[in-house]
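Observations on the three-dimensional arrangement
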Amino acid sequence: TVTVDAVLGAETLEVVVRRMPSISGIVVDETGAPVPRVSVQAELHRSGRMASARTRDDGGFTIHAVDEDLKPVRLEIDDPGPCEPPAEEGPEYAWGTSDVRIELRRALSFELTVVERGSGAPVEEYSVVCHAERANSSLQRNPRLGGHHPEGRVTVDKVWRGRTRLVVEPNDP
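Let us look at the overall build of the protein. Helix and strand counts for the protein stand at 0 helices and 14 strands. Secondary structure of the protein in N-to-C order comes out as β-β-β-β-β-β-β-β-β-β-β-β-β-β. Relative to a compact globule of 173 residues, whose C-alpha radius of gyration would be 16 Å, the protein shows 23 Å and is clearly more extended. In terms of overall dimensions, the protein has a C-alpha envelope of 75 × 50 × 30 Å along the principal axes. Counting only residues that meet the buried cut, the protein has 34% of its 173 residues in that class. Relative to all contacts within the protein whose residues are 6 or more apart in sequence, the contacts with residues 24 or more apart total 62%. Each charge class in the protein can be summarised by its mean position, and for the 21 positive and 29 negative side chains these summaries are 4 Å apart.

Below, the structure written as structure tokens:
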């Protein structure tokens, strides 16, 4: 706690910080191209503590330790961006590792046309929920691609391989 006097101000305050060790690397797709905006998280198994990073445009990331416990950790993909998450757990990495390479597989896409039952008239105002049954995050189950779709058509991206649930939510019931 610092007390600031209206006339005298505050006493000199010294803040001591230390650089925490990190784990860094790159996320690439199956062709070796960097994948930006992927969320990578260190699996800490402690409530309330999170060490994570989002990949830069060059696919690179750096995750800094958040506490004194420097046991090796697994890295998990919290948000794979335009890719699918890895099918299996990766190895553990020691804090200080700087050459991690995570390879993801680009997700698929497909064209969707929505029409009214009976008349076949295009439905142009809707959102889409499209997620793999193995998706474990509520973010992946939220509606997306909402808005106006001329002639009822939209490209649905970020489709993972395997069993997938598709729900069309029209704006006008």
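What follows deals with the sheet that holds strand β4 (residues 60–64). With mixed pairing, 3 strands are arranged side by side in an open sheet as β4-β1-β8. Looking at strand neighbours, the two that pair on one side only are β4 and β8 (100–103), the edges of this open sheet. Each strand of the sheet is rotated relative to its neighbour by a mean of 30°, with strand direction disregarded. In this structure, strand β1 (residues 22–28) lies alongside β8, joined through 4 bridges in parallel fashion. In the strand pairing of β8, V28 is matched with E103.

This part is about a nonpolar patch on the surface. Nonpolar side chains collect at one region of the surface, where V2, V4, L13, V15 and V17 lie side by side and expose about 530 Å² of accessible area between them. Summarising the element assignment, V15 is placed in the segment before β1.

On to the sheet that holds strand β7 (residues 92–93). Sheet architecture is open: 4 strands sit in the order β3-β2-β5-β7, paired in antiparallel fashion. Of all strands in the sheet, those bounded by a partner on one side alone are β3 (51–54) and β7. The pairing of strand β2 (residues 39–42) with β3 spans 4 bridges and is antiparallel. Of the residues in β3, the one forming a bridge with S39 is R54.

Along the chain, E43 falls in the loop between β2 and β3. Put simply, E43 is tucked away with no salt bridge, and the nearest opposite charge, on R74, sits 4.5 Å away. Contact partners of E43, with chain neighbours within four places excluded, come to V73, R74, E76 and E89.

Ranked by internal contacts, the top residues of the largest apolar core, which has 22 residues, are V40, F61, I63, L75, W95 and I102. Mapped onto this core, the elements with two or more residues apiece are β1, β2, β3, β4, β5 (73–79) and β8. The leading source of residues in this core is β5, at 3 residues. Not counting residues up to four positions away in its chain, the partners in contact with F61 are I23, S24, G25, I26, V27, V40, A53, T55, R56, L75, V100 and I102. Residues Y126, V154, V156 and V159 belong to the second largest nonpolar core, which totals 8 residues.

Conventions used here
Sequence order as written defines residue numbering, which begins from 1 separately in each chain. The predicted nature of this model means local features are confined to residues of pLDDT at least 70 and side-chain atom pairs, given and counted, to a pLDDT of 80 or more, with totals for whole chains, interfaces and linings taken over all residues. By convention in this description, side-chain values take in all heavy atoms of the structure and omit both hydrogens and water. Think of it this way: any DSSP run of H or I at least four residues long counts as a helix, any run of E at least two long counts as a strand, and we number them from the N terminus. Each radius of gyration is computed over the set of C-alpha atoms, and the globule rule expresses the reference value as 2.2 Å times the number of residues to the power 0.38. Partly exposed describes any residue whose relative accessible area lies between the buried limit of under 20% and the exposed limit of over 50%, with all areas from a 1.4 Å probe on protein chains only and scaled to the type maximum. Should any heavy atoms of two residues lie within 4.5 Å, those residues are counted as being in contact. Only four residue types enter the tally: Lys and Arg on the positive side, Asp and Glu on the negative side, with His and both chain ends excluded. To locate a charge, the coordinates of NZ of Lys, CZ of Arg, CG of Asp or CD of Glu are taken. One requirement defines pairing of two strands: DSSP has to find at least two bridges between them. Fitting a line to C-alpha atoms yields each axis, with helices limited to the stretch in contact; the angle taken between N-to-C directions then spans 0 to 180 degrees. Patch criteria: residues need more than 30% relative accessible area and no salt bridge. Like-charged residues are merged within 9 Å; nonpolar side chains of Val, Leu, Ile, Met, Phe, Trp and Tyr are merged within 5 Å. Each accessible area is a Shrake-Rupley result for a 1.4 Å probe, and residues are judged covered by the shown protein chains and nothing else. One speaks of a salt bridge when a side-chain nitrogen belonging to Lys or Arg is within 4 Å of a carboxyl oxygen belonging to Asp or Glu. Definition of nonpolar core: a set of buried residues of the types Ala, Val, Leu, Ile, Met, Phe, Trp, Tyr and Cys, connected through side-chain atoms within 4.5 Å.

These values are about where atoms sit, not about what they do.
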